[in-house]
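Now for the letters of each chain:
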Amino acid sequence: MRNFTSVNDICDLKKALEEAFEIKADRYKYCDLGKNKTLMMVFFNSSLRTRLSTQKAALNLGMNVIVLDINQGAWKLETERGVIMDGDKPEHILEAIPVMGSYCDVIGVRSFARFENKADDYNEVILNQFIKYSGRPVFSMEAATRHPLQSFADLITIEEHKTKARPKVVLTWAPHPKALPQAVPNSFAEWMNATDYEFVITHPKGYELDPAFVGNARVEYDQMKAFEGADFVYAKNWAAYTGDNYGKVLSTDREWTVSDRQMAVTNNAYFMHCLPVRRNMIVTDDVIESERSLVIPEAANREISATVVLKNILEGLK
Ligand code: CP
């Protein structure tokens, strides 16, 4: 594997899951693979899980780790070419990226959608500049349109808990006071569509995702109907994608907050969310604290998904 930005970078999903369970059984099995190799983790946005789990994954593989928070202690970066740099940004990303690449062997990048320009977000301008100019393998630690390390961990978690070959998985929009990117739902949809699960997406009208990510999933606007018989419920907020509403909050309707009312019509479904989660906006205290909540094992599996991805990138360096 050279770069990891989506499920398409995994050649064989079944094999990747086998590797995940192998690593989960012995997470230090490949502890010499990263000897004298350095991972640089570059954050344009905040993180708890990605920062810790990816660092732990690198340590599992014997790598050195450098972490750079662009907004805390680094020079402010200009990202547009052709700009006269007479403002508050003293460094251009086109110099900064190859400099970063000169200090490491692998780069992880977190760069969310900015909601300033839909084309820039959906063309993954920042992530692709790292791929183009760093000279190093690059993996996404959540980019503008996808969060593949999260989705891989979600898939591992579903595989661990499913009790039938083809579980019903429901991705539900839920309310949130701020505009959040579509990266997690896009990516979750993409990974679910790569399985043979029954996959349903439910959201209020106006919150349609990019059809490229929805794929063959069934879209159901009636949340209660979507939840009927579900084995897994995956909640997430996202801002509008379509037309002039791109990046806007169209609804904060708490009828969509996942509660015992909706969970009652499921097949005793497991509840999932990538975290961080706003309680009693996205999900009630009772549901997230219930014994069917998988949010903690899901987060723990981030270490496993990151270890598998870094292992494959390191093997590609040889
Ligand atoms: N789920 C996830 O990516 O968490 P962080 O934003 O805390 O890294």
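Residues numbered from 1 in each chain as written. Predicted model: local features only at pLDDT ≥ 70, side-chain atom pairs only at ≥ 80, totals over all residues. Heavy atoms only, no water.

Helix and strand content of the protein: 12 helices and 11 strands. Rg of the C-alpha trace for the protein: 20 Å, near the compact-globule value of 20 Å for 318 residues, within the 12% margin. Dimensions of the protein, computed from C-alpha atoms along their principal axes, come out at roughly 55 × 50 × 30 Å. Considering the protein as a whole, with its 318 residues, one finds that 55% of them fall into the buried category. Total accessible area on the protein is roughly 13900 Å²; 48% of this is exposed by carbon and sulfur atoms. Averaging the positions of the 38 positive and the 43 negative side-chain charges in the protein gives two centres separated by 2 Å. (Helix = DSSP H or I, 4+ residues; strand = E, 2+ residues; numbered from the N terminus. Rg over C-alpha atoms; globule rule 2.2 N^0.38 Å. Buried < 20%, exposed > 50% of the residue type's maximum accessible area, 1.4 Å probe, protein only. Areas by Shrake-Rupley, 256 points an atom, 1.4 Å probe, with all protein chains shown as cover. Lys, Arg positive; Asp, Glu negative; His and termini not counted. Charge placed at Lys NZ, Arg CZ, Asp CG, Glu CD.)

This next bit is on the domain arrangement of the protein. Annotation of the protein at the domain level lists domain 1 (7-146 + 302-317) and domain 2 (150-298). Spacing between the C-alpha centres of domain 1 and domain 2 amounts to 26 Å. Contacts between the two partners involve 26 residues from domain 1, matched on the other side by 30 residues from domain 2. Each partner contributes to the roughly 2300 Å² buried at the junction of domain 1 and domain 2, and carbon and sulfur atoms together form 67% of this total. Sorting the residues of domain 1 by area buried against domain 2 places Phe115, Lys118 and Tyr122 first, and these three jointly supply 29% of that buried surface. At the boundary of domain 1 with domain 2, the tally comes to two salt bridges. A salt bridge links Glu160 to Lys24, with the nearest nitrogen and oxygen atoms 2.8 Å apart. Here domain 1 is connected to domain 2 by nine residue pairs in polar contact (both at pLDDT 80 or more). Of all the elements in the fold, those that place two or more residues in the side of domain 1 that touches domain 2 are helix H1 (13-25), helix H4 (118-122) and helix H12 (295-317). (Domains from an automatic or database assignment. Contact = heavy atoms within 4.5 Å. Buried area = accessible area lost by both parts, 1.4 Å probe. Salt bridge = Lys/Arg side-chain N within 4 Å of Asp/Glu carboxyl O. Polar contact = N/O pair within 3.5 Å; in protein donor to acceptor, adjacent residues only side chain to side chain.)

In this section: the layout of surface pockets. Considering only enclosed or pocket space, the largest pocket measures out at about 430 Å³ in volume. The wall of the largest pocket is formed by 25 residues, among which Arg110, Phe112, Glu142, Leu275 and Pro276 lie closest to the centre. Mapped onto the lining of the largest pocket, the elements with two or more residues apiece are helix H2 (49-60) and helix H7 (183-193). For the lining of the largest pocket, the class distribution of residues is 11 nonpolar, eight polar and six charged. Mapping the lining of the largest pocket onto the domain boundaries places at least three of its residues in each of domain 1 (7-146 + 302-317) and domain 2 (150-298). Reported here for the second largest pocket is a volume of approximately 320 Å³. Looking at the second largest pocket, it is lined by 15 residues, and the ones nearest its centre are Phe44, Asn71, Leu77, Thr79 and Arg114. The residue makeup of the lining of the second largest pocket, split by class, is five nonpolar, four polar and six charged. (1 Å grid on protein atoms, 1.4 Å probe; cavity = no way out; pocket = protein on both sides within 12 Å on 5 of 7 lines; lining within 4 Å. Points joined across faces, edges and corners; volume = space filled by probe spheres on them. Nonpolar A, V, L, I, M, F, W, Y, C, P; charged D, E, K, R; others polar.)

So, about helix H3 (residues 93-101). All buried positions along H3 are accounted for by Ile93, Ala96, Ile97, Met100 and Gly101. Across the axial projection of H3, the buried residues extend over an arc of 130 degrees, all falling on one side. Those residues of H3 that are buried lie in contact with strand E1 (38-43), strand E2 (64-69), strand E3 (77-78), strand E4 (91-92), strand E5 (106-110) and helix H5 (125-133). (Arc of directions from axis to C-beta.)

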